[in-house]
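# A structural walkthrough
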Amino acid sequence: MLSKARLLILAGPVLFLAATLSGCGGSEKVSVAPPVTTFAAPEKPPAKKEAGAEAPVGGAPGIEENRTGGIAAIVGNKVISRSRLRKKVDQRILAIVARQQVSPAAINRRQQELPILLEMVNKELIIQAQMAVYPGKEIEDLVVLDNVMAWVDRDIQKRRKAGQKGVTTRQDYFDIQKNELGLSREEVVREIREKMLSEMYLWQEVYGKLDTFIPPSESRAYYRSHREEFTPPQEVHYQRIKIFDNADAFEAVQSVRQGLQEGKAFSALAMAHSEEFQGNPKLRATVFKNKFSELDDFPFPIPVILKSLREGQHSGPDRAQGAFWFFRMKEIIKGEPKTYKEAQGTIENRLLIARRKVAYGQLIERLKSSTRVEVYLGSQAAAARPKKPVGPVLAPKPAKKKPAAPAGS
């Protein structure tokens, strides 16, 4: 069995490359792939349950418990603790703070908790389904460290191609995870192992079994209803606000953000807050013009941002080259639409991704139907908990017998 697992893992790079090229691999990952989670640590004894902490009713034996801070969910024989969920939420908030330069207090934790927990539950379902194929084995046996480091190397290359020139070595990679998400090296390795294991299961049991043939009638119908998506932009006209990342950046960023929320003119905000053109503030309202092909020469993530904006939309703040940037798209000059034949490959890829999303959802429902899943958080808690009878259960009273009618009546 183990040799089979090692063979599949060695094929992992090919699967991940195929998934990436198709737009659904490696949180896409099939656009729906959930973030990675960790199991409750078996080497640590379960902590005593805190006073008032919620616990499942009618728990079954064999549950691997981790009650530190209470239970957020039970999946099969694994517990997702509230402390683990808190750490995941903290990581998500740290990522938002680093990307958008907002105060952590401005982010509603409760709105983050339930979606993250459901993602953790889905990931745990897939991992347990894959581990069941190899009884008696640990995840370290199935995903060896060499394969984890190969995955890190590929991710470094993807980041560099996307413009993140600051990451060149594995140590750079782990330092970024530590500084931005608070993850130790061991936690990163564990999450990559779980990610690779779940992706292997998805490709073996779901995506690899899907019909990949897209009927021409289906792709032509998509082309007719999405023709504007296949009309490539030739030129973009946009404005920008640049705020250097220093001690005063937070206040300036908040002022621009608030101004945009209040509907103030982007040009006025640029002249008041942008730190470009120090000698002539009027130039800060300049409308820049670039060929669409020139955007790829800009530092990451600016090309991604500008290519995603539609006319009249604005973005930001986003960090690049030691500054925070806001952009507003004024106008997009488009060329001639691609022919159906030119767009056919892209269309088929999109429709395949849509099929994979549906198949992923069906897989999760199927795994839930055969696995104990209980969620002890938010509005789903009451529905997830087993119902417990209130008070003694009494047998129904016997029906009173009717008196016999007198004879001769």
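Residues numbered from 1 in each chain as written. Predicted model: local features only at pLDDT ≥ 70, side-chain atom pairs only at ≥ 80, totals over all residues. Heavy atoms only, no water.

### A word on the packing of aromatic side chains
Following the criterion strictly, the structure yields 8 aromatic pairs and no others. On the numbers, 6.0 Å between centres and 65° between planes, the contact of Y238 with F327 is edge-to-face. Separated by 89 residues along the polypeptide, Y238 in strand β3 (residues 233-244) and F327 in strand β6 (residues 323-334) bring together distant segments of the chain. Each member of the aromatic cluster is reached from another via a ring pair, and the members are Y222, Y223, F230 and Y340. Looking at R240, its charged tip hangs above the ring of F288, at a distance of 3.9 Å from the centre. (Phe/Tyr/Trp six-rings, centres within 6.5 Å; stacked < 30°, edge-to-face > 60°. Helix = DSSP H or I, 4+ residues; strand = E, 2+ residues; numbered from the N terminus. Lys NZ or Arg CZ within 6 Å of the ring centre and 35° of its normal.)

### Thoughts on the pairing of strand β2 (residues 78-81)
Neither face of β2 is left uncovered, since the one carrying K78 and I80 and the one carrying V79 and S81 both have all their residues buried. Bridge count for strand β1 (residues 71-75) against β2 is 4 bridges, and the pairing is antiparallel. Within β2, the position partnered with A73 by the bridge is I80. Counting the residues between successive antiparallel strands, the hairpin from β1 to β2 contains 2 residues, one of them, G76, with a positive phi of roughly 60°. (Buried < 20%, exposed > 50% of the residue type's maximum accessible area, 1.4 Å probe, protein only. Pairing = 2+ DSSP bridges.)

### Considering the packing of helix α8 (residues 185-205) against helix α13 (residues 340-369)
Put simply, α8 and α13 touch, their axes get as near as 12 Å, and they point 105° apart. Classified by the angle between their axes, α8 and α13 sit roughly perpendicular to one another. Listed contacts from α13 to Y201, L202 and W203 of α8 are R356, Y360, L363 and L367. (Axes fitted to C-alpha atoms, helices over the stretch in contact; angles between N-to-C directions. Parallel < 35°, antiparallel > 145°, perpendicular 65-115°, else oblique. Contact = heavy atoms within 4.5 Å.)

### Structural notes on unusual backbone geometry
Excluding glycine, a negative phi dihedral is what most residues carry, and trans is how most peptide bonds are arranged. Here the residue pair G316 and P317 is connected by a cis peptide bond, since its omega of 0° sits within 30 degrees of zero. Along the chain, P317 falls in strand β5 (residues 314-320). Its identity is not glycine, yet Q321 carries a phi of approximately 50°, on the positive side. You can see Q321 is positioned in the loop between β5 and β6. The class for Q321 is exposed, based on a relative accessible area of 62%.

### Re the pattern of salt bridges
Per the stated rule, a full pass over the model turns up 18 salt bridges. The salt bridge involving E218 is made with R355; its shortest N-O contact spans 3.7 Å. With E218 in helix α9 (residues 216-225) and R355 in helix α13, this residue pair connects regions lying 137 residues apart in the sequence. Exposure remark for R355: the relative accessible area of 23% places this residue in the partly exposed category. Residue R350 is joined to E229 by a salt bridge in which the shortest nitrogen-to-oxygen separation is 2.3 Å. Residue R350 is found in helix α13, and its partner E229 is found in the loop between α9 and β3; the two are separated by 121 residues along the sequence. Take R350: its relative accessible area is 30%, and that puts it in the partly exposed class. The partly exposed category is assigned to E229, whose relative accessible area is 36%. Bridged by salt links that share partners, the residues R84, K88 and E191 form one connected network. (Salt bridge = Lys/Arg side-chain N within 4 Å of Asp/Glu carboxyl O.)

### With respect to the sheet that holds β6
On the basis of which strands lie adjacent, the open sheet formed by 4 strands has the order β4-β3-β6-β5 and antiparallel pairing. A single partner strand is all that each edge strand has here, and the edge strands are β4 (288-291) and β5. In this sheet, neighbouring strand axes are inclined to one another by 40° on average, regardless of whether the strands run parallel or antiparallel. Across 5 bridges, β5 lies against β6 in antiparallel orientation. Residue R319 lies in a different strand from β6, and its bridge partner there is F324. Relative to the sheet, helix α11 (residues 266-273) contacts β3, β5 and β6, its axis offset from that of β3 by approximately 40°.

### Structural notes on the nonpolar core
Membership of the largest hydrophobic core comes to 29 residues, with the highest contact counts inside it found for L85, L117 and I126. If you list the elements that add at least two residues to this core, you get β1, α3 (82-100), α4 (109-131), α8 and α13. For this core, the element with the highest residue contribution is α4, accounting for 7 residues. With residues near it in sequence (within four places) discarded, I126 still touches S198, Y201, L202, Y360, L363, I364 and L367. Judged by nonpolar contacts, the second largest core, of 21 residues, contains L142, V167, V189 and L197. (Core = buried A, V, L, I, M, F, W, Y, C linked by side-chain atoms within 4.5 Å.)

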